[in-house]
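Here is how the chains run, residue by residue.
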Amino acid sequence: MNTQIVIIGGGPSGLLLSQLLDKRGIDSIVLERKTKDYVLGRIRAGVLEQGLVRLMEEAGCADRLHAEGFTHDGTLISFGDEMFRIDFTKHTGTPVVVYGQTEVTRDLYDAREAAGGKIEFNVKDVVINGADTDAPFVTYTVAGETRKIDCDFVAGCDGFHGVSRKTIPDDVRREYEKVYPFGWLGILSETPPVSHELIYANSPRGFALASMRNDNLCRYYIQCSLDDTIDDWSDDAFWDEFKKRIPAQQAARLITGQSIEKSIAPLRSFVTEPMRWGRLFLCGDAAHIVPPTGAKGLNTAASDVHYLYNGLRDYYENNSSDGIDAYSAKALSRIWKAERFSWWFSALMHRYPDQTEFDQRIQVAELEFLRSNDAAQKAMAENYVGLPY
Ligand code: RFL
Ligand code: PHB
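The structure presented is a predicted model; accordingly, all values stated were derived computationally and were not measured.

Draft legend 1. Representation of the pattern of salt bridges in the model. Here the structure, examined in full by the defined rule, presents 28 salt bridges. Among the ionic pairs, arginine 173 bridges to glutamate 175, the shortest N-O distance being 2.7 Å. For arginine 268, the salt bridge is made with glutamate 177, and the minimal N-O distance between the two is 2.5 Å. Taken as a pair, arginine 268 in strand β17 (residues 259-273) and glutamate 177 in strand β13 (residues 174-189) lie far apart in primary sequence, 91 residues in all. Of the residues examined, glutamate 177 reaches a relative accessible area of 48% and is grouped as partly exposed. Linked through salt bridges whose partners overlap, the residues forming this network are Arg64, Glu68, Glu103, Arg106 and Asp107.

Below, the structure is given as structure tokens:
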């Protein structure tokens, strides 16, 4: 077999890249380790920057997002019973859109299927060969049969645990990592949202987040210990704890219900450099991870896809390597800013095991400054809605 681009990973980055390339007549094959249902069963991001919305439009996949997504002009931040709002539209002229990653992925799968796109599921033993030569090829097995695809380029969109990043030799690859001493316990419940906008809550008992998917589907999180398992948290225990971490007024009107999904995610900041090795390009979680506090994971994956897609277009349409040569530096420059924002917002909102009373007073001082200072709010809003690309 052969194709122009082999895309490893059928998550949002891989599918979006494949769909955008197809619009320009550039051929790709997507290799996904899991089944489609498994990929669609992962409950992850909920907040989309305008950059991702524009890419979905360009990919011809934004109709449902426009019809069903919720435009949010701001977000709420609480500490104890104090709460204030960051107005995105006032400070930046740009809102965000609340629309689940599951739905983004579903829309992309629908579009790929409608266009007859090639996606192989349940692939195993993916190996990227000759990425540092002019003739790369990818081998894998599916249903016990080994297959080979010759290609021009490989896009590694296979997430944090994929094979693409590890294909880059140790003496070329540099990794930067920070692991946080807590996790997020998240639940999904078919209840109306406690607030029209997200609430990010700093409380003496730890962080909490009230998010949503639609008028009758909520996504709520609490900071938890890394030793906790979901069996330690009955629904009642979750709701009791969640209510203690958001302002009393909101807690009083919270509608609780049975959870339909419950999971614990560890928090990590991670960047690998460079994001290109020969004819292999890394995109999304394969190259970088942020703690979810700033809602940047899926959105940084989207900016990578934008730079790579435009670089590949330049290569095929204008016979120029300038775009792909600049890919790693351009993507990383934006990534590090999103890493900084996510790290800062995480540090502001969580309880750390070794936090002293001094550290806590500093958090409160910073929250009070943010509540009262227009310039600080503008900086926060600019980062939250997404830096330009
Ligand atoms: P994905 O989604 O991990 O997809 C990678 C795909 O590659 C497949 N794969 C392989 N396929 C073939 N061969 C192999 N060897 C393979 N190894 C892996 C995997 O099965 C998978 O299907 O990476 P991608 O596409 O780069 O997308 C990244 C996003 O999924 C991620 O950044 C976000 O979900 C992060 N995130 C959030 N991002 C936001 O922008 N806003 C948010 O509000 C937000 N909230 C979150 C989040 C992530 C969370 N968790 C659980 C990590 C909230 C949570 C709780
Ligand atoms: C979500 O809805 O899952 C979500 C929203 C905002 C975040 C993280 C997760 O910062």
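Structure's up, so let's keep going.
Draft legend 2. Structural detail: the site of ligand 2. Neighbouring residues of ligand 2: 14 residues in total, closest Tyr200, Ser211, Arg213, Tyr221 and Pro292. With respect to ligand 2, the side chain of arginine 213 contributes an N or O atom lying 2.7 Å from an oxygen atom. At a separation of 2.7 Å, an oxygen atom of ligand 2 approaches a polar backbone atom of proline 292. Of all elements in the fold, only β15 (208-214) and β16 (217-224) reach the threshold of two or more residues within the shell around ligand 2. At 3 residues, β15 tops the list of elements feeding residues into the shell around ligand 2. Each residue belonging to the shell around ligand 2 can be placed in one class, and the counts come to 8 nonpolar, 3 polar and 3 charged. Structurally, the shell around ligand 2 is a two-domain feature, drawing no fewer than three residues from each of domain 1 (5-70 + 98-177 + 268-346) and domain 2 (187-265 + 353-385).

Draft legend 3. Local environment of unusual backbone geometry. Omega for the bond connecting glutamate 273 with proline 274 falls within 30 degrees of zero, at -10°, which places this linkage in the cis form. Here proline 274 shows up in the loop between β17 and β18 (276-277).

Draft legend 4. The packing of aromatic side chains, seen in detail. Counted under the stated rule, the structure contains 26 aromatic pairs. Ring geometry for phenylalanine 153 against phenylalanine 281: centres 5.9 Å apart, planes inclined by 55°, an arrangement best described as tilted. Pair noted here: phenylalanine 153 is in strand β12 (residues 153-156) and phenylalanine 281 is in strand β19 (residues 280-282), with a separation of 128 residues, a long-range link. Each member of the pair, phenylalanine 153 as well as phenylalanine 281, is classed as buried. The cationic tip of lysine 178 hangs over the ring face of tyrosine 180; the distance from NZ or CZ to the ring centre is 5.5 Å.

Draft legend 5. Spotlight on the sheet that holds strand β8 (residues 118-120). Pairing is mixed in the open sheet, where 6 strands are placed in the order β8-β2-β1-β12-β19-β18. Each having just a single partner strand, β8 and β18 make up the two edges of the open sheet. In this structure, strand β2 (residues 28-31) lies alongside β8, joined through 3 bridges in parallel fashion. Each bridged residue has a counterpart across the sheet, and for leucine 31 the counterpart in β8 is glutamate 120. Against the sheet, helix α1 (residues 12-23) touches β1 (5-8), β2, β8 and β12, its axis set at about 160° to β1.

Draft legend 6. Structural detail: the nonpolar core. Of all hydrophobic cores here, the largest spans 65 residues; its most connected members are Leu16, Leu17, Leu48 and Met56. No other element matches helix α10 (residues 297-318), which puts 7 residues into this core. Filtering out sequence-adjacent residues up to four positions away, leucine 17 remains in contact with Ile7, Ala155, Cys157, Val305, Leu308 and Tyr309. Within the second largest apolar cluster, 32 residues are counted, among which are Val98, Leu209, Met349 and Tyr352.

What counts, and where the lines are drawn
Along each chain, residue indices are assigned from 1 in the same order as the chain's sequence is written. Chains and ligands are labelled by the order in which they are written, letters from A for the one and numbers from 1 for the other. Thresholds applied to this predicted model are a pLDDT of at least 70 for local features of residues and 80 or more for the giving and counting of side-chain atom pairs; totals over whole chains, interfaces and linings are not thresholded and use all residues. The side-chain values count all of the structure's non-hydrogen atoms but skip hydrogen atoms and water molecules. Each salt bridge in this description consists of a side-chain nitrogen of Lys or Arg and a carboxyl oxygen of Asp or Glu lying within 4 Å of one another. Secondary structure elements follow DSSP: runs of H or I no shorter than four residues count as helices, runs of E no shorter than two count as strands, and numbering proceeds from the N terminus. Accessibility here uses a 1.4 Å probe with only protein chains present; expressed as a share of the type maximum, an area under 20% marks a residue as buried, one over 50% as exposed, and anything in between as partly exposed. Nearness of a residue to a molecule or strand requires only that one of the residue's heavy atoms be within 4 Å of it. Distance and chemistry together define a polar contact, namely a pair of N or O atoms within 3.5 Å, with one atom able to donate a hydrogen and the other to accept it when in protein, and with adjacent residues in sequence counting only for side-chain atoms on both sides. Ten residues, namely Ala, Val, Leu, Ile, Met, Phe, Trp, Tyr, Cys and Pro, are considered nonpolar, four, namely Asp, Glu, Lys and Arg, are considered charged, and the remaining ones, Gly among them, are considered polar. Residue ranges for the domains originate in an automatic or database domain assignment. Pairing of aromatic rings covers Phe, Tyr and Trp, the last through its six-membered ring, and needs centres within 6.5 Å; plane angles under 30 degrees mean stacked, over 60 mean edge-to-face, and all others mean tilted. Over a ring means this: the NZ of a Lys or the CZ of an Arg is within 6 Å of the ring centre and within 35 degrees of the ring normal. DSSP-based pairing: two strands are paired if at least 2 bridges between them are found. By definition in these notes, contact holds between two residues if any of their heavy atoms fall within 4.5 Å. Where helices are involved, their axes are fitted lines through C-alpha atoms of the stretch in contact, as for all axes, and angles between N-to-C directions lie from 0 to 180°. For our purposes a nonpolar core is just a set of buried Ala, Val, Leu, Ile, Met, Phe, Trp, Tyr and Cys residues, chained together by side-chain atoms within 4.5 Å.

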